[in-house]
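# Observations on chain architecture
Residue strings, one per chain:
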Amino acid sequence: MASLVRKLFSVTTVSFRRTNIRLVSSKSDAQKKEEEQKVPKEELEDQIKKNIVVEKFGGITTLNIDRQKSRNSLDEATLREMSEAINAFDKDTDAKVLVFNGEGGSFCSGFDLDEVGEKGYQNFIDAGSRLLRRPLCDKPTIAAVTGYAVGEGFELALACDLRIIEDTAVLGCLGRRFGAPQSLYGGRRLTSLIGLSRALDLLITGRPISGTEAHALGLSSLGEAAIKLAKSLTKFPQNALIMDKLAAVNSQLNPNSEESMRDEAVMNSLLGSALEDLNEGIKKFKGDVTLHHNEYD
């Protein structure tokens, strides 16, 4: 996925920046072991391969899960890396949209059950606590779903504001067969998105659905590539967009909660800037009353 995104932007004037690049070495194991013994522990930890690759394309940030051998399952280290990346996106004043995807043909296959057995379920919940926030970020988030998005991977897709799902993707609450509950508010989010009856069908049976069925249920956006959709969102004045998003999410997921109060404060802080954006928009409208049908190109 990341290579396709870079190819898309290579034909534009938008520059991109990549962080958490993996270190590649042709040295023998013996050489590396000898050098590791000379490196302070703190520096050595910085050299450990990352499971998350973050790239920036103008106002768009992509978060790519890269544990391809396990269909991008989430171990404890990956959950912590993901939390750090999301927090960094939140704090980045130049970032406008966050796109989640998985490398190697799968979005995310949920918690790494081998490691859950070793470290315990609660350790994973603690490591992934940042993913429990509703909404995941104040700024827009998009899940670009290919291959498997099951278990907590399905929940991660549900946590995003918008989902672009390939027809051949496989989604579902597959943790049902292992006795794993929805760990990341998946039940509440799924019910909010598609209604109680259809949500109970998926939650209770644990049956997988295709991307085509997910679209029929209303889980995906129409006819857009994730990056194209993200680019269209960056063109809008952001203050009103975020205010409307938070209001919608609060009405479904955060009624009378501390998070609702937090988001009300965020919306109030954005109001002044939103009014300034509106005044600029009115001036633009008066200057050109024709409707731009190619606004999303």
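Rules used in this analysis
- Sequence order as written defines the numbering, with residues in each chain counted from 1.
- Only residues with pLDDT of 70 or above have their local features reported here, since the model is predicted, and side-chain atom pairs are shown and tallied only from 80 upward, although totals for entire chains, interfaces and linings are computed over all residues.
- Each side-chain value is derived from all of the structure's non-hydrogen atoms; neither hydrogens nor water enter the calculation.
- Think of it this way: any DSSP run of H or I at least four residues long counts as a helix, any run of E at least two long counts as a strand, and we number them from the N terminus.
- Throughout this description, buried means an accessible area under 20% of the type-specific maximum (1.4 Å probe, protein chains only), exposed means over 50%, and partly exposed covers the range between.
- Only heavy atoms enter the contact rule, under which two residues are in contact if any of them lie within 4.5 Å.
- Simply put, an axis is a line fit to the C-alpha atoms, just over the touching stretch for a helix, and the angle between two N-to-C directions goes from 0 to 180 degrees.
- For this classification, under 35 degrees means roughly parallel, over 145 means roughly antiparallel, 65 to 115 means roughly perpendicular, and everything else is oblique.
- We call a crossing left-handed when the near helix sits turned anticlockwise from the far one by less than a right angle, and right-handed when that turn is clockwise.
- For this classification, Asp, Glu, Lys and Arg are treated as charged, while Ala, Val, Leu, Ile, Met, Phe, Trp, Tyr, Cys and Pro are nonpolar and the rest, including Gly, are polar.
- Each reported salt bridge corresponds to a side-chain nitrogen of Lys or Arg within 4 Å of a carboxyl oxygen of Asp or Glu.

Mapped onto the elements, alanine 95 comes out in the loop between α4 (76–91) and β4 (97–102). Judged by its relative accessible area of 4%, alanine 95 is buried. Sequence separation between alanine 95 and proline 140 is 45 residues, and the spatial gap between their C-alpha atoms is 10.0 Å. Once residues within four sequence positions are removed from consideration, alanine 95 is found in contact with Gly59, Thr61, Phe89 and Lys139.

Taken N-terminus to C-terminus, the directions of helix α7 (residues 152–159) and helix α8 (residues 186–194) make an angle of 50°; their axes are 9 Å apart at the nearest point. On the basis of the axis angle, α7 is oblique to α8. Crossing of α7 over α8 shows left-handed handedness. Note on element contacts: α8 touches α7 through Gly186, Arg189, Leu190 and Leu193, opposite Phe154, Glu155, Leu158 and Ala159. When its residues are assigned to classes, the contact of α7 with α8 shows 5 nonpolar, 1 polar and 2 charged.

A full pass over the atoms with the stated rule returns 12 salt bridges. When the shortest N-O distance is used, the salt bridge between lysine 56 and aspartate 92 registers 2.3 Å. Residue lysine 56 is found in strand β2 (residues 52–57), and its partner aspartate 92 is found in the loop between α4 and β4; the two are separated by 36 residues along the sequence. With respect to burial, lysine 56 and aspartate 92 carry one shared label: buried. Put simply, arginine 207 and glutamate 213 hold a salt bridge, and the shortest N to O gap is 2.8 Å. By relative accessible area, arginine 207 is classed as partly exposed at 29%.

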